[in-house]
Amino acid sequence: MVVRLDQHHTGSVLVVPPFECAWLFSKDFQLPKPSQGLVMFEAKGNNDVTIIFKHLPGSKREQYMEANYTVILGSHKNSRVCIDKNGATLHMAGGAEVPGAILDASQFQKYWVDLNQGVITIGLG
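Everything numeric here is computed off the predicted structure, so don't read it as measured data.

Participant: Help me understand the overall build of the protein in this model?
Facilitator: Counting secondary structure elements, the protein contains one helix and nine strands. In the protein, which comprises 125 residues, the share counted as buried stands at 30%. As presented, the protein carries roughly 7,800 Å² of accessible surface, and 55% of it is formed by carbon and sulfur atoms.

Here it is, written out as structure tokens:
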């Protein structure tokens, strides 16, 4: 997965190897309030662009020691979007009409994920 993080228009690109995590925990990447905020980014890849919302960085997705929400774009062999809470699937949707269900490996696409007191909204563009 390749993610372009361009909050300050630096052209920064982050390459995350398969099955690895890149924890973005500087002040620039913190939500304004716990469980509330909007994350915007660009990504390209074959599958599984994963966004984890949790209070502290540093553990793998499979370690559910604290409350978290996980959003997976291009899940299930690049066919679905999944939303998990504490390791349990809350919602899964697929098809070309679902934003983020099918990733493009050849070019960056803009995505946004809004978290608002447990309500997660995902968009493209």
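On we go from here.
Participant: What should I look at first to understand the nonpolar core in this one?
Facilitator: Taken as a class, soluble globular proteins show a tendency for nonpolar side chains to be buried jointly. By size, the foremost hydrophobic cluster in this structure holds 19 residues, and its most contacted members are Phe41, Ile51, Val71, Leu73 and Ile120. Of all the elements in the fold, those that place two or more residues in this core are strand S3 (36-44), strand S4 (49-54), strand S5 (68-74), strand S6 (80-85), strand S8 (109-116) and strand S9 (119-124). Apart from residues no more than four positions distant in its own chain, Ile120 is found in contact with Tyr69, Val71, Ile83, Val113, Asp114 and Leu115.

Participant: Explain unusual backbone geometry here, please?
Facilitator: Leaving glycine aside, a negative phi is the common case for residues, and trans is the common case for peptide bonds. One non-glycine residue, Lys77, lies in positive phi territory at about 60°. By secondary structure assignment, the location of Lys77 is in helix H1 (residues 75-78). Phi at Asn78 is positive, roughly 65°, even though this residue is not glycine. Tracing the sequence through the fold places Asn78 in helix H1.

Participant: Even after reading the chapter, I still don't get the pairing of S6, so can you show me in this structure?
Facilitator: For a regular strand, side chains alternate in direction, first toward one face of the sheet and then toward the other. Alignment of S5 against S6, held across five bridges, turns out to be antiparallel. Across the sheet, Thr70 pairs through a bridge with Asp84, a residue of S6. In the sheet, S6 pairs with strand S7 (residues 88-94) via six bridges, with the strands oriented antiparallel. Paired with Arg80 across the strands is Gly94, a residue of S7.

How each quantity is defined
- Residues numbered from 1 in each chain as written.
- Predicted model: local features only at pLDDT ≥ 70, side-chain atom pairs only at ≥ 80, totals over all residues.
- Heavy atoms only, no water.
- Helix = DSSP H or I, 4+ residues; strand = E, 2+ residues; numbered from the N terminus.
- Buried < 20%, exposed > 50% of the residue type's maximum accessible area, 1.4 Å probe, protein only.
- Areas by Shrake-Rupley, 256 points an atom, 1.4 Å probe, with all protein chains shown as cover.
- Core = buried A, V, L, I, M, F, W, Y, C linked by side-chain atoms within 4.5 Å.
- Contact = heavy atoms within 4.5 Å.
- Pairing = 2+ DSSP bridges.

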